[in-house]
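# Working through the structure, step by step
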Amino acid sequence: MAAAAPRVSPRFFRRAQAHGFCVPDIPADVRAKCVAGTSTRVLDGRFVADALVAQCGALVAQKKGQGGRVPKLVVVLAGEDPASAVYVGNKEKMFAKAGFESETLKIASCDTTLEGLLSVVGELNARADVDGILVQLPLPAGIPAHVVLAAIDPRKDVDGFLKENMGLLALGDFSGALPCTPFGIMVLLAAHGIPLESKRAVVVGRSNIVGKPMSLLLLGEDSTVTVAHSRTTDLAALTREADIVIAAAGRPLLLGKEHVKAGAVVVDVGMHRKSDGKLCGDVDATFETGVAGKASALTPVPGGVGPMTIAMLLVNTAAAAWSKPLS
Ligand code: NAP
């Protein structure tokens, strides 16, 4: 039987903890789940995300009893990108399940201008009932996303993308909103009892929303971190050195068996739709050519990092709401 996960309150979780959240406990049967026919553990993100949603529900009830507010997110959905519409729909469902409020402002591409979006963001910044603002990317062609994002009040930046929040993280200060995907990965690893201290981690990808903050969060937990990118030579030699591999290159099935050492923990951030309609990640998860049977643990696609990203959006929205003084 797998050993019970230790109760952890790592540095990156302290802001959430201050508002009543805890890293979810995972029952032994979930912790013991393996990729079929192998000893590679499945790092189930759906279970952990559901547990956080349940914590949100309980905390809302408790805070309401104390005169606290129900957290509210407003999503700005500009344009007609079908994938964005699906993501936003999933977010709405998760917010409703958690007992939080959410609103989506839909703006057609033909009505989207930079000035118009800046004015919408300005209004949302001023609204006392709005705790979090999320501008869904990508924006319609020609609209500079960085200008629109920079207009969000940093206290309502529940994505953790703004320089004020990223800057804190870069300084080793975890008191700001953390970017949801890497934050979710850290919670997933903690919940599954994966040790990070003194471990060698390789992050494949250096984007501002995943790779870079991921490396900073791992450093904060005392891993020894290397960041790889498209100009890295001999990626496989690098990742084979790692105890923990975070695959966030956005390249379907980039990492196979030859990229990991036996016993490595592999986190697959990638999300791609194959020609047969099925989803896959940046990691080949098969036994034959992939990491199953070689890695000690692996996040599934879907059901690994994806649900955690939305769960952390809830946690960041709650923290934004409950940081405000009671009115
Ligand atoms: P991105 O902005 O495209 O960044 C990709 C990074 O990977 C870049 O730094 C790039 O290097 C690097 N890269 C590309 N090809 C590489 C290669 N062959 N070897 C090594 N590094 C390589 O992507 P992102 O926004 O970080 O997202 C990464 C993936 O995660 C995507 O598949 C995305 O869909 C997925 N994602 C999933 C979630 C979720 O909730 N599940 C959330 C966010 C993102 P350069 O900097 O040199 O170009």
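One structure accompanies this document, and this report is about it. Numbers given for residues are sequential positions, taken from 1 along each chain in its written order. Residue-level local features of this predicted model are given only where pLDDT is at least 70; pairs of side-chain atoms are given and counted only at 80 or more, and the full residue set underlies all totals for whole chains, interfaces and linings. Side-chain measures were taken over the full set of non-hydrogen atoms in the model, leaving aside hydrogen atoms and water.

## Overview of the overall build of the protein chain
- Secondary structure elements follow DSSP: runs of H or I of four or more residues count as helices, runs of E of two or more count as strands, with numbering from the N terminus. Counting its secondary structure elements, the protein chain contains 11 helices and 11 strands.
- Radius of gyration means the value over C-alpha atoms here, while the globule rule gives 2.2 Å times the residue count to the 0.38 power. In terms of C-alpha radius of gyration, the protein chain reaches 20 Å, essentially the compact-globule figure of 20 Å for 327 residues.
- Along the first, second and third principal axes, the C-alpha set of the protein chain runs to 55 × 45 × 40 Å.
- When each of the 327 residues of the protein chain is scored for burial, the buried share is 50%. For the exposure calls, accessible area comes from a 1.4 Å probe over protein chains only, and a residue counts as buried if that area is under 20% of its type's maximum, exposed if over 50%, partly exposed in between.

## Brief notes about the sheet that holds strand β1 (residues 41-42)
- DSSP-based pairing: two strands are paired if at least 2 bridges between them are found. In space, the 6 strands of this open sheet follow the order β1-β11-β8-β7-β5-β6, with parallel pairing throughout. The open sheet terminates on both sides in strands that have one partner only, identified here as β1 and β6 (224-228).
- Bridge count for strand β5 (residues 200-204) against β6 is 5 bridges, and the pairing is parallel. Across the sheet, Ala201 pairs through a bridge with Val225, a residue of β6.

## Some thoughts on the site of the ligand
- The rule for a residue being near a molecule or strand is that one of its heavy atoms must lie within 4 Å of it. Neighbouring residues of the ligand: 20 residues in total, closest Arg206, Ser207, His229, Ser230 and Thr309.
- Arg206 has a polar side-chain atom sitting 2.8 Å from an oxygen atom of the ligand.
- Here a polar contact means two N or O atoms within 3.5 Å. Within protein one must be a hydrogen donor candidate and the other an acceptor candidate, and residues neighboring in sequence count only if both atoms are side-chain atoms. Here Ala249 contributes a backbone N or O atom positioned 3.4 Å from an oxygen atom of the ligand.
- Only the protein chains shown count as cover for residues, and all accessible areas are computed by the Shrake-Rupley method using a 1.4 Å probe. Here the ligand, which alone exposes 930 Å², has 70% of that area covered by the protein.
- Of all the cavities here, the one that holds the ligand is the largest pocket.
- Looking at the shell around the ligand residue by residue, the classes come out as 8 nonpolar, 10 polar and 2 charged. Grid points spaced at 1 Å and placed over the protein atoms alone form the basis of the search, with a cavity being a set where a 1.4 Å probe fits but cannot get out and a pocket an open set showing protein on both sides within 12 Å along at least five of seven lines. Lining residues have an atom within 4 Å of a point. A pocket or cavity is taken to hold a molecule when more than half of that molecule's atoms are within 2 Å of the pocket's grid points. Gly counts as polar in this scheme, as do all residues outside two lists: the nonpolar Ala, Val, Leu, Ile, Met, Phe, Trp, Tyr, Cys and Pro, and the charged Asp, Glu, Lys and Arg.

## Considerations on the sheet that holds strand β3 (residues 101-107)
- If you trace the 3 strands from one edge of the open sheet to the other, you get β3-β2-β4, paired in parallel fashion. Pairing within the sheet leaves two strands with one partner each, and these edge strands are β3 and β4 (132-135). Each adjacent strand pair in this sheet contributes to an overall mean axis angle of 15°, direction not counted.
- In this sheet, β4 lies alongside strand β2 (residues 72-78) in parallel orientation, the contact comprising 4 bridges. In the sheet register, Val75 faces β4, and the bridge partner there is Leu134.
- Contact criterion: two residues are considered in contact whenever any of their non-hydrogen atoms come within 4.5 Å of each other. Simply put, an axis is a line fit to the C-alpha atoms, just over the touching stretch for a helix, and the angle between two N-to-C directions goes from 0 to 180 degrees. Helix-sheet contacts for helix α5 (residues 114-126) involve β2, β3 and β4, and the interaxial angle to β2 is about 175°.

## Observations concerning helix α8 (residues 180-191)
- Counted at 1.5 Å a residue, the expected span for α8 with its 12 residues is 16 Å, and the 16 Å between its end C-alpha atoms agrees.
- Of all 12 residues making up α8, 12 are buried, and the element is well covered by its neighbours.
- Residues of α8 that are buried: Cys180, Thr181, Pro182, Phe183, Gly184, Ile185, Met186, Val187, Leu188, Leu189, Ala190 and Ala191.
- Packing partners of the buried residues in α8 comprise α2 (28-31), α3 (45-65), α9 (211-220), β7 (244-247), β8 (265-268) and α11 (305-322).
- Once α8 ends, the next one or two residues include Gly193, with phi positive near 70°. Helix span is expected to be 1.5 Å times the residue number reduced by one.

## What to know about the environment of Pro140
- Residue position: Pro140 is located in the loop between β4 and α6 (145-150).
- In this structure Pro140 comes out as buried when scored by relative accessible area, which is 16%.
- Sequence separation of Pro140 and Ala108 is 32 residues, and the distance between their C-alpha atoms is 9.2 Å.
- Those residues in contact with Pro140 that sit more than four places away from it in its chain are Ala78, Gly79, Ser109 and Thr112.

## Some words on unusual backbone geometry
- Note that the residue after Leu137, namely Pro138, is joined by a cis bond; omega there is 0°.
- Backbone torsion omega between Val301 and Pro302 reads 0°, so that peptide bond is classified as cis.
- Looking at where Pro302 falls in the secondary structure, it is placed in the loop between β11 (297-298) and α11.

## Some details on the packing of helix α4 (residues 82-98) against α11
- Across the interface, α4 lies against α11 with an axial gap of 10 Å and an inter-helix angle of 55°. When the axis of α4 is compared with that of α11, the two are oblique. As α4 packs across α11, the resulting crossing turns out to be right-handed. Together, Asn90, Lys91, Met94, Phe95 and Ala98 of α4 and Pro307, Ile310, Ala311, Leu313, Leu314 and Thr317 of α11 make up the contact between the two elements.
- For the contact of α4 with α11, a count of residues per class yields 8 nonpolar, 2 polar and 1 charged. Oblique is the label for any angle not under 35 degrees, not over 145, and not in the 65 to 115 range, which are roughly parallel, roughly antiparallel and roughly perpendicular in turn. For any pair of crossing helices, the crossing counts as left-handed if the nearer helix is rotated counterclockwise from the farther one by less than a right angle, and right-handed if it is rotated clockwise.

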